[in-house]
Amino acid sequence: GAVVSQHPSRVICKSGTSVKIECRSLDFQATTMFWYRQFPKKSLMLMATSNEGSKATYEQGVEKDKFLINHASLTLSTLTVTSAHPEDSSFYICSATGGAYGYTFGSGTRLTVV
Amino acid sequence: QKEVEQNSGPLSVPEGAIASLNCTYSDRVSQSFFWYRQYSGKSPELIMSIYSNGDKEDGRFTAQLNKASQYVSLLIRDSQPSDSATYLCAVMSGTASKLTFGTGTRLQVTL
């Protein structure tokens, strides 16, 4: 089946630094990737949708300059949290779709900003 | 605003019983419906997808869809302690490729 690899699984960073999260589709070409964040005991909130080779489409209320998304190839998308602050601490999850595979989620990244 | 509603629970059922999870959605043009299971600290994993009115069975799981009532449900037969998790209902509408998730129902299967 389709596999999406997401790294790192956990990261702790200092306030003011930037963190990059990678999402790779291992055995299929992901035409579209989605980035979600999830707060404890809350549902997944879509942050942005990215298509290979084009700019990401951000959901209302998501700062595009703070959450930089790059989808440079059909198998890789990255999310960079710039100038991270404690309120950015959350569980970030990517999802990829392509062809007949439907939606496949990465394993998630637990970001803690101290 | 497109909404997907679920009872947050927890829903507690004894081992071996049937667990019934419900979901309603507001967008009438929704076409695809999904149930995901999420364990604490993990990402969601797909359990079932359903696109047409009626029932769809896969092992111990049965998804039910009623588009007229804008209602989708998930039945888990012979519930096991390993089924204890949060179950997320997700809806895809029209030609958009993005999913809208409900807040999830926490299921507890007791011994």
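Here's what I pulled together on the structure shown here. Since the structure is predicted, the reported quantities are computational estimates derived from the model, not experimental observations.

**Considerations on the side chain of Gln38(B)**
So, step 1. Inspection of the secondary structure puts Gln38(B) in strand β4 (residues 30-38).
So, step 2. Of the polar contacts made by the side chain of Gln38(B), one reaches the side chain of Gln38(A); its length is 2.8 Å.
So, step 3. One polar contact links the side chain of Gln38(B) to the main-chain carbonyl oxygen of Lys42(B), over a distance of 2.7 Å.
So, step 4. Ignoring anything within four residues of it in the chain, the contact list for Gln38(B) reads Gln38(A), Leu44(A), Phe91(A), Ile93(A), Ser43(B), Pro44(B), Ala85(B), Thr86(B) and Leu88(B).

**Some details on the sheet that holds strand β1 (residues 4-5) of chain B**
Residues and elements named next belong to chain B.
So, step 1. Reading across the sheet, the five strands line up as β1-β3-β8-β7-β6 and stay open at both edges, with antiparallel pairing between neighbours. Lying at the two open borders of the sheet, with one neighbouring strand each, are β1 and β6 (54-58).
So, step 2. In this sheet, strand β3 (residues 19-25) lies alongside β1 in antiparallel orientation, the contact comprising two bridges. Within β3, the position partnered with Glu 5 by the bridge is Thr 24.

**Quick word on the packing of aromatic side chains**
So, step 1. Enumeration according to the criterion identifies eleven aromatic pairs over all chains in this entry.
So, step 2. Plain terms: the ring middles of Tyr25(B) and Phe33(B) are 4.8 Å apart, the flat faces sit at 45 degrees to each other, and that makes the pair tilted. You'll find Tyr25(B) and Phe33(B) in the same group, each marked buried.
So, step 3. With a centroid separation of 6.4 Å and an interplanar angle of 35 degrees, the aromatic rings of Phe34(B) and Tyr36(B) are classed as tilted.
So, step 4. For Phe34(B), a relative accessible area of 6% corresponds to the buried category.
So, step 5. Taken together, Phe34(A), Tyr36(A), Tyr103(A), Phe105(A), Phe34(B), Tyr36(B), Tyr51(B) and Phe101(B) form an aromatic cluster joined through their ring pairs.
So, step 6. In this arrangement the basic side chain of Arg60(B) is found over the ring face of Phe61(B), its NZ or CZ atom lying 5.5 Å from the centre.

**Section: unusual backbone geometry**
So, step 1. Of the consecutive residues His7(A) and Pro8(A), the connecting peptide bond is found in the cis state with omega at -5 degrees.
So, step 2. Here Pro8(A) lies in the loop between β1 (4-7) and β2 (10-13).
So, step 3. Along the chain, Gly9(B) connects to Pro10(B) via a cis peptide bond; the corresponding omega equals 10 degrees.
So, step 4. Mapping Pro10(B) onto the fold places it in the loop between β1 and β2 (11-14).
So, step 5. For Asp78(B), which is not glycine, the phi torsion reads 50 degrees and is therefore positive.
So, step 6. With respect to the helices, strands and loops of the structure, Asp78(B) is situated in the loop between β8 (71-76) and β9 (85-93).
So, step 7. When its relative accessible area of 41% is taken as the criterion, Asp78(B) is described as partly exposed.

So, how was this worked out
Residues numbered from 1 in each chain as written. Chains lettered and ligands numbered in written order. Predicted model: local features only at pLDDT ≥ 70, side-chain atom pairs only at ≥ 80, totals over all residues. Heavy atoms only, no water. Helix = DSSP H or I, 4+ residues; strand = E, 2+ residues; numbered from the N terminus. Polar contact = N/O pair within 3.5 Å; in protein donor to acceptor, adjacent residues only side chain to side chain. Contact = heavy atoms within 4.5 Å. Pairing = 2+ DSSP bridges. Phe/Tyr/Trp six-rings, centres within 6.5 Å; stacked < 30°, edge-to-face > 60°. Buried < 20%, exposed > 50% of the residue type's maximum accessible area, 1.4 Å probe, protein only. Lys NZ or Arg CZ within 6 Å of the ring centre and 35° of its normal.

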